[in-house]
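Notes for the structure review
Chain by chain, the residues run as shown.
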Amino acid sequence: MKQLELLYEGKSKQIYATDNAQNVIISFKDDATAFYNIKRAKIEHKGKMNCAISSMTLAYLNEHGVATHFIEQVDDNGQLCRVVEHVALEVIVRNVIAGSMAKRLGLEEGIVPENTIFDICLRDAELGDPLINDHHAVAMGIATYEELETIYQTSAKINALLVELYRKAGITLVDFKIEFGHDDKGCLVLADELTPDTCRLWDTQTHERLDKDRFRRDLGRVREAYEEVANRLRDALK
Ligand code: UDP
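Nothing here was measured: the structure is a model prediction, and the numbers come from that model.

Lining the immediate surroundings of the ligand are 15 residues, of which Arg94, Ser100, Asp175, Arg200 and Arg216 lie closest. Thr198 has a polar backbone atom sitting 3.4 Å from an oxygen atom of the ligand. Burial of the ligand by the surrounding chains reaches 77%, relative to a free accessible area of 510 Å². Listing elements by their share of the shell around the ligand, those giving two or more residues are strand 9 (89–94), helix 2 (99–105), strand 12 (171–178) and strand 15 (199–203). For the shell around the ligand, the class distribution of residues is four nonpolar, three polar and eight charged.

Most of strand 3 (residues 23–28) sits out of view: six of its six residues are buried. Here strand 3 shows a buried face lined by Asn23, Ile25 and Ser27 and a second buried face lined by Val24, Ile26 and Phe28. With five bridges connecting them, strand 2 (residues 13–18) and strand 3 associate as antiparallel partners. Across the sheet, residue Gln14 finds its bridge partner in strand 3, namely Ser27. The antiparallel hairpin formed by strand 2 and strand 3 contains four residues in its connecting segment. With five bridges joining them, strand 3 and strand 7 (residues 78–82) adopt antiparallel strand pairing. Counted as the bridge partner of Ile26 is Gln79 from strand 7.

With that settled, the discussion passes to unusual backbone geometry. Phi is positive for Tyr36, close to 55 degrees, though the residue is something other than glycine. One can find Tyr36 in the loop between strand 4 (31–34) and strand 5 (39–42).

Judged by pairing direction, the sheet is antiparallel, and its five strands sit side by side in the order 1-2-3-7-6 without closing on themselves. Here the strands that pair on one side only, and so sit at the sheet edges, are strand 1 (3–9) and strand 6 (70–73). On average, each strand axis in the sheet is tilted by 30 degrees relative to the strand beside it, whichever way the strands run. Sitting on the sheet, helix 1 (residues 46–63) touches strand 3, strand 6 and strand 7, and the angle it makes with strand 6 is about 135 degrees.

Rules behind the numbers
- Residues numbered from 1 in each chain as written.
- Predicted model: local features only at pLDDT ≥ 70, side-chain atom pairs only at ≥ 80, totals over all residues.
- Heavy atoms only, no water.
- Near = heavy atom within 4 Å.
- Polar contact = N/O pair within 3.5 Å; in protein donor to acceptor, adjacent residues only side chain to side chain.
- Areas by Shrake-Rupley, 256 points an atom, 1.4 Å probe, with all protein chains shown as cover.
- Helix = DSSP H or I, 4+ residues; strand = E, 2+ residues; numbered from the N terminus.
- Nonpolar A, V, L, I, M, F, W, Y, C, P; charged D, E, K, R; others polar.
- Buried < 20%, exposed > 50% of the residue type's maximum accessible area, 1.4 Å probe, protein only.
- Pairing = 2+ DSSP bridges.
- Axes fitted to C-alpha atoms, helices over the stretch in contact; angles between N-to-C directions.
- Contact = heavy atoms within 4.5 Å.

Rendered as structure tokens:
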């Protein structure tokens, strides 16, 4: 497998073609951005840490029967992944109230609801990835009701597996964002990163934040928190 030309560069990742048209290499950058690029910084080794965290997590999901785009980690920053056709949705799964949900509904962060909460957002940065519902998604031709049902069921399975993995690491999985795609056979696959950039991760004992909120909210020790997650996941997977 050969890495070829750069196909796309986003805020935190680059995507390269390979000599196999079915596969790409996704390379994680050290850049951190928040609030739609208003806040920016470089965090030393973030790309490497996120690549390691996402690779461990996606390999774990593959092994536990969740189809993902991840094939293998190819170097410190890069993952070989299958090309998929992205669904224009972001799915947010919430086990603990935090972030935009707390703000929007005037709730205290840290409340643990009895049910798991699933939000869907339109994947459109210009519109600010607005929260939508199933009927909007169907009306816009993004997914059928049946496909949405599969997306919710798969998201619930991913959540159960990740909660268990992070529990072993002494970390509470507060919430996370995922995206899906369809592979060449039309099967739904998880096609996203799973890192402290896209998950809220709180130390279970101290509730210390080990995720991007350290950057968003100027809490300091961002690199150390990501390192802590990588090390604890490595131990939990032993
Ligand atoms: N998230 C993400 N990308 C987005 C929006 C949210 O990865 O464009 C993640 C975020 O890191 C958190 C979860 O999804 O783990 C829920 O985010 P929320 O809706 O609370 O928004 P935020 O407070 O991050 O603006």
